[in-house]
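# Per-entry structural report
Given next are the chains, with one letter for each unit.
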Amino acid sequence: KLKKTMNVTAFSDIHMQFSDELLVEPTDLLVCAGDATHHGKDNELYSFIRWLGLQPAKYKIFVPGNHDFGCQKNEHMWKTHCKEMNIHLETNGFLYIEDKILFCSAWTPYFYDWAFNGTDELNGDHKGPNLYDKWKYILDFNIDLLITHGPARNVLDINRIGEHCGSHVLAHLFNQNHSIKNHVFGHIHDSHGYTFSNNIHSYNVALDNKYYPQHKFTK
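Here's what I pulled together on the structure shown here. Source: prediction; values computed, not measured.

## So, the packing of helix α1 (residues 42-53) against helix α3 (residues 75-84)
The contact between α1 and α3 brings their axes to 10 Å, and the two run at 25 degrees. Accordingly, the angle class assigned to the pair α1 and α3 is roughly parallel. Crossing handedness for the pair α1 and α3: right-handed. Contact residues: D42, L45, Y46 and I49 in α1; M77, W78, H81 and C82 in α3. Split by residue class, the contact of α1 with α3 holds six nonpolar, one polar and one charged.

## Some points on the packing of aromatic side chains
Inspection of every chain in the model, using the stated rule, returns 14 aromatic pairs. Relative to F48, the ring of F11 lies with its centre 6.5 Å away and its plane at 70 degrees, an arrangement referred to as edge-to-face. On the criterion of sequence distance, the pair formed by F11 in strand β1 (residues 8-11) and F48 in helix α1 is long-range, its members being 37 residues apart. Each member of the pair F11 and F48 is classed as buried. Put simply, the rings of F11, F18, F48, W51 and F62 pair up and form one aromatic cluster.

## A closer look at unusual backbone geometry
Of note, the phi angle at D35 is positive, near 55 degrees, even though the residue is not glycine. Within the element layout of this structure, D35 appears in the loop between β2 (27-32) and α1. Positive phi, close to 65 degrees, is recorded for N86, a residue that is not glycine. Mapped onto the elements of the fold, N86 is located in the loop between α3 and β4 (88-89).

Parameters at a glance
- Residues numbered from 1 in each chain as written.
- Predicted model: local features only at pLDDT ≥ 70, side-chain atom pairs only at ≥ 80, totals over all residues.
- Heavy atoms only, no water.
- Axes fitted to C-alpha atoms, helices over the stretch in contact; angles between N-to-C directions.
- Helix = DSSP H or I, 4+ residues; strand = E, 2+ residues; numbered from the N terminus.
- Parallel < 35°, antiparallel > 145°, perpendicular 65-115°, else oblique.
- Left-handed = near helix turned anticlockwise from the far one by under 90°.
- Contact = heavy atoms within 4.5 Å.
- Nonpolar A, V, L, I, M, F, W, Y, C, P; charged D, E, K, R; others polar.
- Phe/Tyr/Trp six-rings, centres within 6.5 Å; stacked < 30°, edge-to-face > 60°.
- Buried < 20%, exposed > 50% of the residue type's maximum accessible area, 1.4 Å probe, protein only.

Structure below.
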């Protein structure tokens, strides 16, 4: 069965740097891959969700990040509010949009006990949930689009001081599943860009460290 082409616009780590004057171009699918807010407070989330809901996209997905605490503390409430605004909020699970299979996850390796932090090891759970247990389901499907807040290890994951910050577990899963077509993520502001690695088209769509929406690329 042939799958239809879908136009996707994605961004991450906007950290409240939006306004009613900031509008995206019309698209089929609009993705926020996390860190929409500074601290995930109610007023921040309401403001962002309202803005996202006004954007000209047929489908909209919000995958929270480590700054979006409210989405972890009260996931059901924010899922309900997003649904009212025609937005899919997903913290860890599958979405099926038209003929596409997507897997979305807000979880990232442990970092100073921020939101959605887990253990980036194949065994053990000493710093939050084991990320392998969160993500192992991607092994069983041909995934058109994987949306996570953070990158896999060694894929557009270098921070400002040259450290690799991506997930070992996600890289391990990529080596096992060669049926993931596209991966969209953010989190590491200094490595914005595109690469083709592990037979996956990988896009780091994070804003820069001043949270300014200056990047643009097409692939």
